Amino acid sequence: KNEVEQSPQNLTAQEGEFITINCSYSVGISALHWLQQHPGGGIVSLFMLSSGKKKHGRLIATINIQEKHSSLHITASHPRDSAVYICAVIPIQGAQKLVFGQGTRLTINP
Amino acid sequence: DAGITQSPRHKVTETGTPVTLRCHQTENHRYMYWYRQDPGHGLRLIHYSYGVKDTDKGEVSDGYSVSRSKTEDFLLTLESATSSQTSVYFCAISESGERGGVVTEAFFGQGTRLTVV
């Protein structure tokens, strides 16, 4: 079983819809990253969270450390949001190494 | 954008040949990592470095070696490339924050697409 599980693995939605991607993990962590990867592109860090909630434009990330769960929300989704979204955790014991989820492939249709 | 560059961006090589990928950073970050990304496997850690000349193995280190002689450069070498090493390779850098052991930021390179024929 992976230490980091994302759901759904694939998500297709219409432009304008509210999107939620979930991440559950099984180890104690010091922080969690949400990453974005466009097709054929590099990986960009969207958020780093250790508690609570962060907002950047139409993107919102929340984390519940006690429940070992994080969500990434996209409001008013747009086709340019189409990408793979990856959750990565920093285990408390892990010598600074990120542990990645499998990614969620998001497609927003116009 | 963070100052991290990978070279080359694309490479095709023959089975059995040695290959070296370079990761260069201008952020003076302590930690550097090499990952490979494959369909169905996500990102997997090959090797990482926590300082000059300090490196350790990740989960898929067989067939790979690394070197870090300067803070800014982290080299990944495939001693004798095999078709199973066809992949996209990403370098990443990170730094600890005020709490010492906590990584507070992480940046990724653009990736190197390696094809072994």
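Located above this text is the structure these notes cover.
Residues numbered from 1 in each chain as written. Chains lettered and ligands numbered in written order. Predicted model: local features only at pLDDT ≥ 70, side-chain atom pairs only at ≥ 80, totals over all residues. Heavy atoms only, no water.

Colleague: Hey, could you run me through the pattern of salt bridges in this one?
Modeller: A side chain of one charge can pair with a side chain of the opposite charge if their charged atoms are brought near each other. Residue and element names in this part refer to chain B. The final tally for this structure, using the stated rule, is five salt bridges over all chains. One salt bridge connects Arg-36 with Asp-38, and the closest N-O pair in it is separated by 2.8 Å. Under the relative-accessibility criterion, Asp-38 is labelled buried at 12%. Salt-bridge contacts for Asp-38 lead to Arg-44; the nearest nitrogen and oxygen are separated by 2.9 Å. For the residue pair Asp-38 and Arg-44, the accessibility class agrees, reading buried in each case. The network of salt bridges with common partners includes Arg-22, Lys-70 and Asp-73. (Salt bridge = Lys/Arg side-chain N within 4 Å of Asp/Glu carboxyl O. Buried < 20%, exposed > 50% of the residue type's maximum accessible area, 1.4 Å probe, protein only.)

Colleague: I would appreciate a short explanation of the packing of aromatic side chains in the present structure.
Modeller: Given two aromatic rings, one states the distance between the centres and the angle between the planes to describe the pair. Applying the stated criterion across every chain, the model contains seven aromatic pairs over all chains. Geometrically, the ring pair formed by Phe-100 of chain A and Phe-108 of chain B is edge-to-face, given 6.2 Å between the ring centres and 65° between the ring planes. Of the two residues, Phe-100 of chain A sits in strand E10 (residues 99-100) while Phe-108 of chain B sits in strand E10 (residues 103-108), which places them in two different chains. Residue classification places Phe-100 of chain A among the buried residues on the basis of a relative accessible area of 9%. Ring plane angle 45° and centroid distance 6.2 Å describe the contact between Tyr-48 of chain B and Tyr-50 of chain B, whose orientation is recorded as tilted. Three or more aromatic residues joined by ring pairs make a cluster, and in this case those are Phe-100 of chain A together with Tyr-33, Tyr-35, Tyr-48, Tyr-50 and Phe-108 of chain B. (Phe/Tyr/Trp six-rings, centres within 6.5 Å; stacked < 30°, edge-to-face > 60°. Helix = DSSP H or I, 4+ residues; strand = E, 2+ residues; numbered from the N terminus.)

Colleague: Even after reading the chapter, I still don't get the sheet that holds strand E7 (residues 64-70) of chain B, so can you show me in this structure?
Modeller: Across a sheet, paired strands are connected by hydrogen bonds in the backbone, their directions being either parallel or antiparallel. Residue and element names in this part refer to chain B. An order of E1-E3-E8-E7 is seen for the four strands of this open sheet, with the pairing classed as antiparallel. What marks the edges here is a single partner per strand, and that holds for strand E1 (4-7) and E7. Ignoring which end each strand starts from, the neighbouring axes of this sheet average 20° apart. (Pairing = 2+ DSSP bridges. Axes fitted to C-alpha atoms, helices over the stretch in contact; angles between N-to-C directions.)

Colleague: Teacher, can you tell me more about the state of the cysteines here?
Modeller: Disulfide: a covalent bond formed between the sulfur atoms of two cysteine residues. A complete count under the given rule lists two disulfides over all chains for this structure. Across the disulfide, Cys-23 of chain A is cross-linked to Cys-87 of chain A (sulfur-sulfur distance 2.0 Å). Across the disulfide from Cys-23 of chain A to Cys-87 of chain A, rotation about the S-S bond amounts to roughly -60°, and the bridge is consequently left-handed. Placement of Cys-23 of chain A in strand E3 (residues 19-25) and of Cys-87 of chain A in strand E9 (residues 83-91) is noted, with a sequence separation of 64 residues between them. For Cys-23 of chain A, a relative accessible area of 0% gives the class buried. Cys-87 of chain A sits in the buried class, given a relative accessible area of 0%. A disulfide bridge connects Cys-23 of chain B with Cys-91 of chain B, and the sulfur atoms are separated by 1.9 Å. Disulfide Cys-23 of chain B to Cys-91 of chain B: torsion about the S-S bond roughly -70°, handedness left-handed. Taken together, the residues Cys-23 of chain B in strand E3 (residues 19-25) and Cys-91 of chain B in strand E9 (residues 87-96) connect sequence positions 68 residues apart. (Disulfide = S-S within 2.5 Å.)

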